[in-house]
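Residue strings, one per chain:
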2 protein chains.
Amino acid sequence: MLFFTQCFGAVLDLIHLRFQHYKAKRVFSAAGQLVCVVNPTHSLKYAPTRCAAAQASTEQGILPPCHHHEVVHDPQLVPCTCPLFSCPWEGHLEVVVPHLRQTHRINILQGAEIVFLATDMHLPAPTDWIIMHSCLGHQFLLVLRKQEKYEGHPQFFATMMLIGTPTQADNFTYRLELNRNQRRLKWEATPRSILECVDSVISDGDCLVLNTSLAQLFSDNGSLAIGIAITTSKVHSSEAEM
Amino acid sequence: MLFFTQCFGAVLDLIHLRFQHYKAKRVFSAAGQLVCVVNPTHSLKYAPTRCAAAQASTEQGILPPCHHHEVVHDPQLVPCTCPLFSCPWEGHLEVVVPHLRQTHRINILQGAEIVFLATDMHLPAPTDWIIMHSCLGHQFLLVLRKQEKYEGHPQFFATMMLIGTPTQADNFTYRLELNRNQRRLKWEATPRSILECVDSVISDGDCLVLNTSLAQLFSDNGSLAIGIAITTSKVHSSEAEM
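Each value, and the rule that gives it
All chains use their own residue numbering, which begins from 1 and follows the written sequence. Chain A is the first chain written and ligand 1 is the first ligand written, with later ones labelled in order. Under the rules for a predicted model, residues below a pLDDT of 70 receive no local features and side-chain atom pairs below 80 are neither given nor counted, while totals for whole chains, interfaces and linings still include all residues. For the side-chain quantities, the full set of heavy atoms in the structure was used; hydrogens and water were omitted. By nonpolar core we mean a set of buried residues, namely Ala, Val, Leu, Ile, Met, Phe, Trp, Tyr and Cys, connected to one another through side-chain atoms within 4.5 Å. Burial classification: accessible surface area is computed with a 1.4 Å probe over protein chains only, and a residue below 20% of its type maximum counts as buried, one above 50% as exposed, and the rest as partly exposed. By the convention used here, residues are in contact when the closest approach between their heavy atoms is within 4.5 Å. The secondary structure listing takes helices from DSSP runs of H or I that are at least 4 residues long and strands from runs of E that are at least 2 residues long, numbered from the N terminus. Directions from the helix axis toward the C-beta atoms define the arc. When a carboxyl oxygen of Asp or Glu lies within 4 Å of a side-chain nitrogen of Lys or Arg, that pair is called a salt bridge. Here a polar contact means two N or O atoms within 3.5 Å. Within protein one must be a hydrogen donor candidate and the other an acceptor candidate, and residues neighboring in sequence count only if both atoms are side-chain atoms. UniProt positions are given in the numbering used here, feature names are shortened, and annotations may be inferred rather than shown by experiment.

### Some thoughts on the nonpolar core
- Membership of the largest hydrophobic core comes to 68 residues, with the highest contact counts inside it found for A:Phe116, A:Leu144, A:Leu185, B:Phe116, B:Leu144 and B:Leu185.
- Non-local contacts of A:Leu144, meaning those with residues more than four positions away in its chain, are made with A:Phe116, A:Ala118, A:Met121, A:Thr127, A:Asp128, A:Trp129, A:Phe156, A:Phe157, A:Ala158, A:Leu224 and A:Ile226.

### Digging into helix H5 (residues 96–104) of chain B
All names here are of chain B.
- Restricting attention to buried positions, one finds in H5 the residues Val-96, Val-97, His-99, Leu-100 and His-104. Buried positions in H5, seen along its axis, are confined to an arc of 165° and lie on one side of it.
- Looking one or two places after H5, you find Arg-105, whose phi comes out positive at around 55°.

### Notes on the pattern of salt bridges
- Within the structure shown, the criterion is met by 18 salt bridges over all chains.
- Across the pair A:Arg184 and B:Glu188 runs a salt bridge, and its minimum N-O distance is 3.9 Å. Taken together, the positions of A:Arg184 in strand E10 (residues 183–189) and B:Glu188 in strand E10 (residues 183–189) put the pair across two chains.
- What makes B:Glu188 partly exposed here is its relative accessible area of 22%.
- Here B:Arg175 and B:Glu177 are joined by a salt bridge, their closest N and O atoms 3.5 Å apart.
- Beyond isolated ion pairs, a larger network of salt bridges with shared partners links A:Arg175, A:Glu177, A:Arg184 and B:Glu188.

### Description of the environment of B:Trp187
- Summarising the element assignment, B:Trp187 is placed in strand E10.
- Between the C-alpha atoms of B:Trp187 and B:Gly205, which are 18 residues apart in sequence, the distance is 12 Å.
- Once residues within four sequence positions are removed from consideration, B:Trp187 is found in contact with A:Arg183, A:Arg184, A:Leu185, A:Leu214, A:Phe218, B:Tyr174, B:Arg175, B:Leu176, B:Asp206, B:Cys207 and B:Leu208.
- Within the local environment of B:Trp187, its side chain forms a polar contact with the side chain of B:Tyr174, the two groups lying 2.9 Å apart.

### A look at the UniProt feature "domain: Seven-in-absentia protein TRAF-like" (unreviewed entry) in chain A
- Following the UniProt record, one finds the feature "domain: Seven-in-absentia protein TRAF-like" (unreviewed entry) at residues 134–228 of chain A.
- Taken as a whole, residues 134–228 of chain A contains 19% helix and 58% strand, while its terminal C-alpha atoms sit 12 Å from one another.

See the structure below:
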């Protein structure tokens, strides 16, 4: 009986996934774009992020136990930068991707242009939607976060981090694009390195920021589709051309 | 003596204007784009807008004295929609432009693509930067507003209104673009009609929204340059193409 219930649950999940894919295809009908359905994670609510913990410790005058600038003596070692979990793991940059995949079950997608479809946007803050993106010989981490910077007013923040050094990150440009209801919003920037803290990028607001009403306008039935493209940025001459 | 002092003041103003133009040219070096320096106006602080007054009256159970849906019996008549002033004027759509130019001294610029250079971004909220834009046979009103939606956290809101009916507005698409410090932010939407209230567009957040830190990243020495382009939107098929 339990087996049949589980089977039924799995079939329901598949139908739901198929429905999400259909919704995404309807929004992004451009052929060849890979649509990836990303479900939210709430762990942040119960386990404060490494940066938050580090900041709290600093405020209390204690040396932050997990801030990599303070603690990691080997500069080749990187602490786990997954923003969702206060994970004690640390390792070399090369093994960050397998760690994120295996321990935190973060999916990895291939392709220069993909569509990130975040489901259940209505869920209360704080909530994160995370995916890895493999492209141009590197891996990137896309983080969409719902957070209340001002109490009672949740906002959405989206940024891309390179799983690499800041020097490597400078060679790329990422673009996030929302397109629905006769509105289009595009954000282009150089990705930050995963060695920087995703929390501080978001708290600085140096990313794509959406208020709830705008997020609703861009959402389709509770799901937000974000088109992602990564390119190499040889010369930063783009400032001149509007 | 007073004459010489005034002359000296005028020369200083000219130098300041020239400097602002130079700054804008430096940001937008693309040849042929008209750069318009827009100084802020603070009138909003002292004279609440028509919509705010209307809302306040409605909350008190009084029929709003200046809400055009309630008061203007002739549907051809439009109240003064300049968001800066609680102006008792009302007239036909055709004479809104001369009224805004003559009474409120709002500049009008020609050209499909212009650069709006808002100066003195550091000034406290509420502050407005306004300009009219003549293009494709119609006139548009660009409003940039610094406002504290959440106390102590000023944000910038930019929107474009057509000085025409909502049906006419549906034929256009406007684009606002910020480009500096290896970051680019683009907002594209259908302009709203001037018959709708600019205050409600801004309070709904259905426009380009910038937090202070992002506005600083896009600013150059206290001035924010916004590239503006208006096109005709024949078919709204753009949602498919990312």
